[in-house]
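# Residue-level structure breakdown
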Amino acid sequence: VATSSSSFFPASVIHVHWPDTIPISSDEIHRSLVLDRALEVGMVVLNLNGEMIGVIQDDQSVLMIEAISSAIRSLLEKQTIVRPSLGVMYVDIAHAIHLPIELSRSYTYGALFYGTASVPRTSVAKAFGFQSGDILLSVNGELINELHGLDEFIAQYRPKDSIQIVFDRDGQQQTVEVVLGEKTQ
């Protein structure tokens, strides 16, 4: 359901759009919803419980609240937009097609750091010891899966928040406490 200042317009989600590019950034939300009808840009989108889930960004596409909530919170608190940052590029295993088993290590979920540019030297992830080939499995006990990507988990927090990440390195699961950095826009 989408609403303008005084009207409600019923609409249904016909598709969840996941990014077409690989790898994707941990610091920006990439998922959006596509509705069954065109609506005015800027309209608020509510679920059936009356909770705001997003804003119409272009005709039928919904910018998810997770993508903007940390920016709004930061703007209200600091008068500038500062987002939490892990600073990596990753392959979403749950949505990757034909990912070789030697890369996924038989996982059907998780965030794979693949390639030399996946964990930049200046990133928070590098400072906490992450490297190319690592597969992040969960954040604070919640699986990185087909419903929730790493980018969505990172967006829930604030810069300098501490999060617990479970990851696989060369077949061995490890746990590390990470303090998120900040990305100013």
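The structure we're discussing is the one just above.
Residues numbered from 1 in each chain as written. Predicted model: local features only at pLDDT ≥ 70, side-chain atom pairs only at ≥ 80, totals over all residues. Heavy atoms only, no water.

This part takes up the overall build of the protein chain. Secondary structure summary: the protein chain contains 4 helices and 16 strands in total. A compact globule built from 185 residues should have a C-alpha radius of gyration of about 16 Å, and the protein chain, at 18 Å, falls within 12% of that. Principal axes of the C-alpha set define a box for the protein chain whose edges measure 55 × 40 × 25 Å. The 185 residues of the protein chain split such that 43% are buried. Put simply, 54% of the contacts in the protein chain that link residues at least 6 apart link residues at least 24 apart. (Helix = DSSP H or I, 4+ residues; strand = E, 2+ residues; numbered from the N terminus. Rg over C-alpha atoms; globule rule 2.2 N^0.38 Å. Buried < 20%, exposed > 50% of the residue type's maximum accessible area, 1.4 Å probe, protein only. Contact = heavy atoms within 4.5 Å.)

Quick look at the pairing of strand 10 (residues 89–92) now. Where strand 4 (residues 24–25) lies against strand 10, 2 bridges are found, and the strand directions are antiparallel. Along strand 10, the bridge assignment pairs Ser-25 with Met-89. Note: strand 10 against strand 11 (residues 111–112), 2 bridges, orientation antiparallel. Across the sheet, the residue bridging to Val-91 is Leu-112, located in strand 11. (Pairing = 2+ DSSP bridges.)

Right, let's talk about the pairing of strand 5 (residues 32–35) for a bit. In terms of strand pairing, strand 3 (residues 13–17) meets strand 5 through 4 bridges, oriented antiparallel. Looking across to strand 5, one finds that His-17 is bridged to Ser-32. Pairing of strand 5 with strand 8 (residues 61–64), which is carried by 3 bridges, proceeds in the antiparallel orientation. From the neighbouring strand, Leu-33 faces strand 8, where its bridge partner is Val-62.

All chains considered together, the criterion is met by 3 aromatic pairs. Judged by centre distance (6.0 Å) and plane angle (85°), the rings of Phe-113 and Phe-130 are edge-to-face. In this pair, Phe-113 is assigned in the loop between strand 11 and helix 3 (124–127) and Phe-130 in the loop between helix 3 and strand 12 (135–139), connecting sequence segments 17 residues apart. For the pair Phe-113 and Phe-130, a shared accessibility class is recorded, and that class is buried. Ring plane angle 65° and centroid distance 4.9 Å describe the contact between Phe-130 and Phe-167, whose orientation is recorded as edge-to-face. Here the residue Phe-130 occupies a position in the loop between helix 3 and strand 12, and Phe-167 occupies one in strand 14 (residues 162–169), the gap between them amounting to 37 residues. Using a relative accessible area of 5% as the deciding quantity, one classes Phe-167 as buried. Grouping aromatic residues by their ring pairs yields a cluster made of Phe-113, Phe-130 and Phe-167. (Phe/Tyr/Trp six-rings, centres within 6.5 Å; stacked < 30°, edge-to-face > 60°.)

On to the nonpolar core, then. Formed by 23 residues in total, the largest nonpolar core has its most connected members in Leu-86, Phe-130, Leu-136, Leu-150 and Ile-165. Looking at this core, the elements that each hand over two or more residues are helix 3, strand 12, helix 4 (150–155), strand 14 and strand 15 (172–179). Residue contacts for Leu-86: discarding those within four places in its chain leaves Ser-26, Asp-27, Ser-123, Val-124, Ala-125, Leu-136, Leu-150, Ile-154, Ile-165, Val-178 and Leu-180. Counting residues in each nonpolar core, the second largest holds 9 residues, with Ala-11, Leu-33, Met-43 and Met-64 among its members. (Core = buried A, V, L, I, M, F, W, Y, C linked by side-chain atoms within 4.5 Å.)

Such coordinate-based values are descriptive only and should not be taken to indicate function.
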